Amino acid sequence: MQHPQEQPAADHTPAADPGPVLPRVGAQRTPDDPQPPAGREADRTATAMGRLASTVDRLRQELDQAQADSAGRAVVELAVGVLVERLRCGPTEAARQLEGLAAQAGVTTLALAADLVNQVAADRISALAREFVAGTAVQPAEPVARRLRSIEADTLAGGDAATAARSMLEHALRPLGVAAVAVWAAHPDLSLSLAGSAGFQPDEARHWRHVPPGVPTPARRALDERGTVAYHTLADASLPSIGQHDVRGGRLAVPAGVGGRLIGVLEICWREELPERSQPLQRQFEALAEVAAATLESWDGQEFSTTDPTDARFDELRQLTDGLFDPCLVLRVAPDGDELPPRFVVRHVNPSFVDFAGRPTVAIVGRRLLEAYPLAAEPGGLAEMIEHVFATGEPFRTQEMRLAALVDGVPLTTRAQVSISRHGTHLVVVWRLDDGTPRVARLLQHAQRLGRIGGFEENLGTRQIAWNETLFELHGLAPGSQPISLEQLAEHAHPDDRHTIGRFLRTLLHHRRPASTAFRLQRPDGVTRHIRVVAEPVHDPGSGLRVVRGAYQDISAQHWTEVALAATRDQLAQSEQQAAERSRLALQLQHAIMPPARGPLDLHDLHVAVRYRPAEKDHLVGGDWYDALVLPTGDVLLCVGDVAGHGIEAATGMVALRNALRGLAATGAGPAQLLNWLNSVTHHLTDNVTATAVCGLYEPATRRLRWARAGHPPPVLLREGRARTLPQLGGILLGALDQADYQEDEFVLEAGDTLVMYTDGLIERRDESLQASLSNLMTLSERAHRLSADSADGLEGHLDHLLQYSSADTDDDTCLVGVAVR
């Protein structure tokens, strides 16, 4: 990290030939200089540059607007998906419902979509939006829920920390007076990298792209304290940080983590003093930190280039090395180092660079050479050759050089062809590694991390013990502590496992054979871990036992998984018994209300037949229901409904709605009013029940049928052998909203007409739209009518044919009511 006030170290190397001197753009012209071009040509050039600048500015504005529109569309699509699930309709119908509801409420579709997503979501953003609106006396012009959902959608679309920082600043933080925001990525060596920022000068972001370990910045303090840290002003805190000269006001650093693991920090900057923070505002900052953490998980460390735009020579060198196919490092003398021999910093690596120790690029760039590769300081090694080339300017080239690094404390060596050359104040190091070495190093590192394995080697003669870093963590010891020898292993194990360790040691040390065992390790911090140890003896030339090498593996997760599986077997058997009992009760309840084989009914001049087909799986007892009866007014009530879900809840919901509609119909109200009342009953008097229904009232004297529907497929009318669906009347499903209006229609039935009312289990297909399914049903109905016209079964045969040849492919129950007019 180079602070703005730091000056680069003096260059002690001989001055290189600066090359031909080019005229400086904008320099004052001397009398001896050639005359300028004609005024008209200069005006044309200025005009062209102005047009170019205007075009770039317009494109930038269009890009910003496109990003904002994309975030809004993503929120609307989420809301449409919610309505598809709740209304059990297609995406087009759900989008139309969303637009209609927004128009009725007098709000934009985006605002209603954000509110709907927050109502069904159970995350920090939805909870935060409710707390903020409830706890703020003067609500902001733009709802908090919409702002946060837009940030989340914009970040998912962009996928990087820079996009997240810009979206946070524009959508959520700038209305709070925030001037800039930075997203820091934390590394295991306690260093920080600037993954994304907004509101700072470009040069400032480049200066702070990397913060070495030990620098007490606000972000570092937040990670150390594992909580939010706040400073009234950055100047009063006396801490260095990005924007310390331009944005010197209040600072807030919020840790960003995933799954309890801190991986970065969100730093929020004000130009004025830090404003007062309410609890809802703090929740909002924490929600934004979670969004930042989501981008840091996939951050590759390439957000900021190490290029200094004022250093044209380095820019040319970077472009040259980026075109090489071999791994290449660009080094320079450390800016704060003037000692001899000089210390070198890795300033750039090309796209082909592969660290043979398996580390990512971000762990190499910006570090001192001997910090990244400490073993390069060996006599005759890479560091000595680099110093020689820097001092003499003579290129160095060799067909074979030993390169060494540490992987979790284990030395890893490889052979490579190495070329070193000096270019002004920079050095270019090119190496060509042996095939496979980087891949093996990465596999070794990831295998140890994923498998929680640590290796060891114990010399039985000298009593020297070598552990890698993973093993210290596994045993709960600080790095550099005295390792535990095999003879001391029993002292750190559970008392009941000491005999097991004794047998392991006898096999290994006395019989001199490879051995393994599992035991419970009691760590100094009081934590007990389940460990598997495997080891093998290494014999000297005289067949004596000299060294033992092996590995420890933490198998606690596997052990507790086996315990949990054993404990849940009985619970699973009990749960299966309870589920079977619930299904039996639900089926009995359903059959009590709707017998599967109910005979036909004659209601005035109507002949009514019913068919019910249960779901294929016994535990999927559904909520389909029907009713047909003569009311006290003499009218005939005809209705079919479908309660969402399966099981005892759907069955009890079906009973409640069926009985409620029977009672409401006795009032003499019309179908639309009956569905309006039934919606209120569903919304207020049942627990999370939603349903669809179609309701009709038939007047025998006039043969007039009045009907309405609540999100249900329309009935099919057959007249003179031709089938058609009744109109798609407006009406949302029952229980979705507190208040809902339903359209009503009427028509006159004629003798010989057949009306078919059904649930969606008859027509629903996963690969077809609702309109296509209705078309198939009308074709099937016409064929069933022709076949049953001359049959003795009549209406019942018609319904049986529909059930038998239905093209539905969902495992759902089906209710079918046929009404024939005599």
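How each quantity is defined
- Residues numbered from 1 in each chain as written.
- Predicted model: local features only at pLDDT ≥ 70, side-chain atom pairs only at ≥ 80, totals over all residues.
- Heavy atoms only, no water.
- Helix = DSSP H or I, 4+ residues; strand = E, 2+ residues; numbered from the N terminus.
- Buried < 20%, exposed > 50% of the residue type's maximum accessible area, 1.4 Å probe, protein only.
- Contact = heavy atoms within 4.5 Å.
- Areas by Shrake-Rupley, 256 points an atom, 1.4 Å probe, with all protein chains shown as cover.
- Arc of directions from axis to C-beta.
- Pairing = 2+ DSSP bridges.
- Axes fitted to C-alpha atoms, helices over the stretch in contact; angles between N-to-C directions.
- Parallel < 35°, antiparallel > 145°, perpendicular 65-115°, else oblique.
- Left-handed = near helix turned anticlockwise from the far one by under 90°.
- Nonpolar A, V, L, I, M, F, W, Y, C, P; charged D, E, K, R; others polar.
- Salt bridge = Lys/Arg side-chain N within 4 Å of Asp/Glu carboxyl O.
- Phe/Tyr/Trp six-rings, centres within 6.5 Å; stacked < 30°, edge-to-face > 60°.
- Lys NZ or Arg CZ within 6 Å of the ring centre and 35° of its normal.

Trainee: Whenever I open this one, the overall build of the protein chain confuses me. Can you help?
Mentor: Counting its secondary structure elements, the protein chain contains 21 helices and 27 strands. For the protein chain, the residues scored as buried account for 44% of the 822 residues in total. Pairs at least 24 residues apart make up 60% of the contacts formed inside the protein chain by residues separated by at least 6 positions. Summed over all atoms, the accessible surface of the protein chain reaches about 42,000 Å², with 52% contributed by carbon and sulfur.

Trainee: Hey, could you run me through helix H13 (residues 382-392) in this one?
Mentor: Owing to its 3.6 residues per turn, the α-helix aligns residues three or four sequence positions apart on the same side. Every buried residue belonging to H13 is among Leu382, Ala383, Met385, Ile386, Val389 and Phe390, and all of these are buried. End-on view of H13: buried residues confined to an arc of 160°, all on one side of the axis. Backbone geometry just downstream of H13 places Gly393 in the positive-phi region, at approximately 80°.

Trainee: Would you mind going over the side chain of Arg220 with me for this structure?
Mentor: Inspection of the secondary structure puts Arg220 in helix H8 (residues 218-225). Owing to a relative accessible area of 12%, Arg220 belongs among the buried residues under this scheme. Apart from the residues within four sequence positions on either side, Arg220 is in contact with Leu190, Ser191, Leu192 and Val215.

Trainee: How should I be thinking about the environment of Ile501 in this particular structure?
Mentor: For Ile501, the location among the structural elements is in helix H16 (residues 498-510). We classify Ile501 as buried; its relative accessible area is 1%. For the pair Ile501 and Leu486, spaced 15 residues apart in the sequence, the C-alpha separation amounts to 9.4 Å. What Ile501 contacts, discounting residues up to four positions off in sequence, is Leu489, Ala490, Ala493 and Phe519.

Trainee: What's the story with the environment of Glu93 in this structure? I'm lost.
Mentor: By the element assignment, Glu93 lies in helix H2 (residues 91-105). The exposure class of Glu93 is partly exposed, given its relative accessible area of 28%. Between the C-alpha atoms of Glu93 and Leu770, which are 677 residues apart in sequence, the distance is 9.8 Å.

Trainee: Got a minute to help me understand the sheet that holds strand E5 (residues 251-258) in this structure?
Mentor: Strands belonging to one sheet form pairs held by backbone hydrogen bonds; the direction of such a pair is parallel or antiparallel. In space, the 6 strands of this open sheet follow the order E3-E2-E1-E6-E5-E4, with antiparallel pairing throughout. Because the sheet does not close on itself, it has two edges, and the strands there are strand E3 (210-211) and strand E4 (229-231). Where strand E2 (residues 192-198) and E3 come together, 2 bridges link them in antiparallel fashion. By the bridge assignment for E3, Leu192 is matched with Val211. Where H8 meets the sheet, its contacts fall on strand E1 (178-186), E2, E4, E5 and strand E6 (261-270), and the angle it forms with E6 comes to roughly 140°.

Trainee: Where do I start with the packing of helix H20 (residues 770-789) against helix H21 (residues 795-804) in this structure?
Mentor: For any two helices packed against each other, the geometry comes down to the angle between their axes and how far apart the axes lie. At their nearest, the axes of H20 and H21 sit 9 Å apart, and the two run at 140° to each other. With respect to their mutual orientation, H20 and H21 come out oblique. When the axes of H20 and H21 are compared, the crossing they make is right-handed. Touching Leu777, Leu780, Ser781, Arg783, Ala784, His785, Leu787 and Ser788 of H20 are Gly797, His798, His801 and Leu802, all from H21. Residues belonging to the contact of H20 with H21 are distributed by class as follows: 5 nonpolar, 6 polar and 1 charged.

Trainee: Would you take a moment to explain the pattern of salt bridges for this structure?
Mentor: Two side chains of opposite charge can pair, provided their charged atoms sit close to one another. In the structure shown here, the tally under the stated rule is 31 salt bridges. One salt bridge in this structure joins Arg520 and Asp497, with 2.9 Å as the shortest N-O distance. Of this pair, Arg520 sits in strand E14 (residues 515-522) while Asp497 is found in the loop between helix H15 (469-474) and H16, placing the two residues 23 residues apart along the sequence. When its relative accessible area of 25% is taken as the criterion, Arg520 is described as partly exposed.

Trainee: How should the packing of aromatic side chains be read in this particular structure?
Mentor: Ring pairs (aromatic) are described by centroid distance and by the angle formed between their planes. Under the defined criterion, the tally for this structure stands at 6 aromatic pairs. On the numbers, 5.8 Å between centres and 90° between planes, the contact of Tyr373 with Trp431 is edge-to-face. Linking Tyr373 in the loop between helix H12 (369-372) and H13 with Trp431 in strand E11 (residues 426-433), this pair joins segments that are 58 residues apart in sequence. Considering the side-chain rings of Phe456 and Tyr552, the 5.2 Å spacing of their centres and the 40° angle between planes classify their relative orientation as tilted. Highlighted residues: Phe456 in strand E12 (residues 453-459) and Tyr552 in strand E16 (residues 545-554), separated in sequence by 96 residues. Looking at Arg422, its charged tip hangs above the ring of Phe390, at a distance of 4.6 Å from the centre. Across the ring face of Tyr805, the terminal group of Arg783 is positioned such that the distance to the ring centre comes to 5.4 Å.

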